[in-house]
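Next come the chains, spelled out residue by residue.
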Amino acid sequence: HASESWTWEHMALTRARAVAGDGKFLARVACEVETVISRPRDAAKLAKDALDMRALIEEEKPPRDIWDLKLIPGGLIDLEFIAQVATLLGKVAGTERPTGTAETLSRLSPDYADPQIVQELFSSHLLYSTLTQIIRLCLTGPLDPDDIPPGLVDLLLRNTDLPELGVLEAHIKETSRQVRKDFELLLRGKSP
């Protein structure tokens with residue numbers, strides 16, 4: 001990681017944490033990870049690399065439909081990239097580095113994202129995570145919007161406090177539009 005790894009490898013490393021092993025080894029791993037993550041970076045190059053990676057993902061693996069919450073433009077990948085780039089730029093408040101996307105988004109520095117954007121991003125992540133967890137617990141594969149079991153629809157609506165599936169889908173579309181706008185602002189420095 002000191003000289004040969006690519007930006008995406010450093011982005012992935014922002015989620016790293018040692019979870020088991022000898023105390024000295026865990027401390028050494030944590031120190032090495034922090035050394036890589038905290039080194040000075042060219043913000044423009046980092047943003048360009050992240051934007052290029054996101055564009056490649058969109059090209060190589062387009063979303064199936066609006067329910068592909070990870071891959072949709074303005075979906076979970078955009079949120080993860082925002083959190084990872086902010087971490088590598090040292091734009092996360094607090095003394096200890098969070099490894100989870102939700103906590104990272106909730107702690108974006110005010111000089112990186114204003115409080116309204118922080119709240120939007122955190123709320124969007126919460127929505128996507130809630131929906132994803134329910135769907136994964138109830139289905140063995142991807143959700144087919146033309147064949148959603150009624151009980152699953154009820155569960156999704158109850159957990160999002162929305163009245164009908166069409167309203168939930170409109171909410172997902174609006175949420176993804178806002179996340180993509182925030183993604184463009186934070187990584188490109190401008191609105192799309």
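As a reminder, the structure under discussion sits directly above these lines.
Residues numbered from 1 in each chain as written. Predicted model: local features only at pLDDT ≥ 70, side-chain atom pairs only at ≥ 80, totals over all residues. Heavy atoms only, no water.

Novice: I tried to follow the packing of helix H3 (residues 43-60) against helix H8 (residues 165-188) on my own but got confused; where do I start?
Specialist: The description of two packed helices rests on the angle between their axes and on the distance between the axes. With their axes 9 Å apart at the nearest point, H3 and H8 run at an angle of 145 degrees to one another. Note on element contacts: H8 touches H3 through Arg 180, Phe 183, Leu 187 and Arg 188, opposite Ala 47, Ala 50, Leu 51, Arg 54 and Glu 58. The residue inventory of the contact of H3 with H8, partitioned by class, reads 5 nonpolar, no polar and 4 charged. (Axes fitted to C-alpha atoms, helices over the stretch in contact; angles between N-to-C directions. Helix = DSSP H or I, 4+ residues; strand = E, 2+ residues; numbered from the N terminus. Contact = heavy atoms within 4.5 Å. Nonpolar A, V, L, I, M, F, W, Y, C, P; charged D, E, K, R; others polar.)

Novice: Hey, could you run me through H3 in this one?
Specialist: With 18 residues, H3 extends 26 Å between its outermost C-alpha atoms, agreeing within 8% with the 26 Å of an ideal straight helix rising 1.5 Å per residue. Taken together, the buried positions of H3 are Leu 46, Ala 47, Asp 49, Ala 50, Leu 51, Met 53 and Arg 54. Taken together, the buried residues of H3 touch helix H1 (7-13), helix H4 (76-88) and H8. (Expected span 1.5 Å × (residues − 1). Buried < 20%, exposed > 50% of the residue type's maximum accessible area, 1.4 Å probe, protein only.)

Novice: What should I look at first to understand the layout of surface pockets in this one?
Specialist: Rolled over the atoms, a probe with the dimensions of a water molecule shows which regions are left empty. Empty space within the largest pocket amounts to approximately 320 Å³. Lining the largest pocket are 16 residues, and of these Arg 64, Asp 68, Leu 69, Lys 70 and Arg 136 lie nearest its centre. Those elements giving two or more residues to the lining of the largest pocket turn out to be H4 and helix H6 (115-138). Broken down by element, the lining of the largest pocket gets its largest block of residues, 3 residues, from H6. Of the residues belonging to the lining of the largest pocket, the class tally is 9 nonpolar, 2 polar and 5 charged. (1 Å grid on protein atoms, 1.4 Å probe; cavity = no way out; pocket = protein on both sides within 12 Å on 5 of 7 lines; lining within 4 Å. Points joined across faces, edges and corners; volume = space filled by probe spheres on them.)

Novice: Would you mind showing me how to read the packing of H4 against H6 here?
Specialist: Where H4 meets H6, the axes come as close as 10 Å, and the angle between the chain directions of the two elements is 135 degrees. When the axis of H4 is compared with that of H6, the two are oblique. Crossing geometry of H4 relative to H6 is assigned as left-handed. Only Leu 121, Ser 124, His 125, Tyr 128 and Thr 132 of H6 make contact with H4, whose side of the interface consists of Leu 76, Leu 79 and Ile 82. (Parallel < 35°, antiparallel > 145°, perpendicular 65-115°, else oblique. Left-handed = near helix turned anticlockwise from the far one by under 90°.)

Novice: So what exactly am I meant to see when it comes to the nonpolar core here?
Specialist: Nonpolar side chains in soluble globular proteins tend to be buried together. Ranked by internal contacts, the top residues of the largest apolar core, which has 49 residues, are Trp 67, Ile 82, Leu 108, Tyr 112, Leu 156 and Leu 187. For this core, the secondary-structure elements that each account for two or more residues are H1, helix H2 (23-38), H3, H4, H6, helix H7 (150-160) and H8. The biggest single contributor to this core is H4, with 9 residues. Not counting chain neighbours up to four residues away, the residues in contact with Trp 67 comprise Ile 135, Leu 143, Pro 145, Leu 156, Leu 165, Leu 168, Glu 169 and Ile 172. (Core = buried A, V, L, I, M, F, W, Y, C linked by side-chain atoms within 4.5 Å.)

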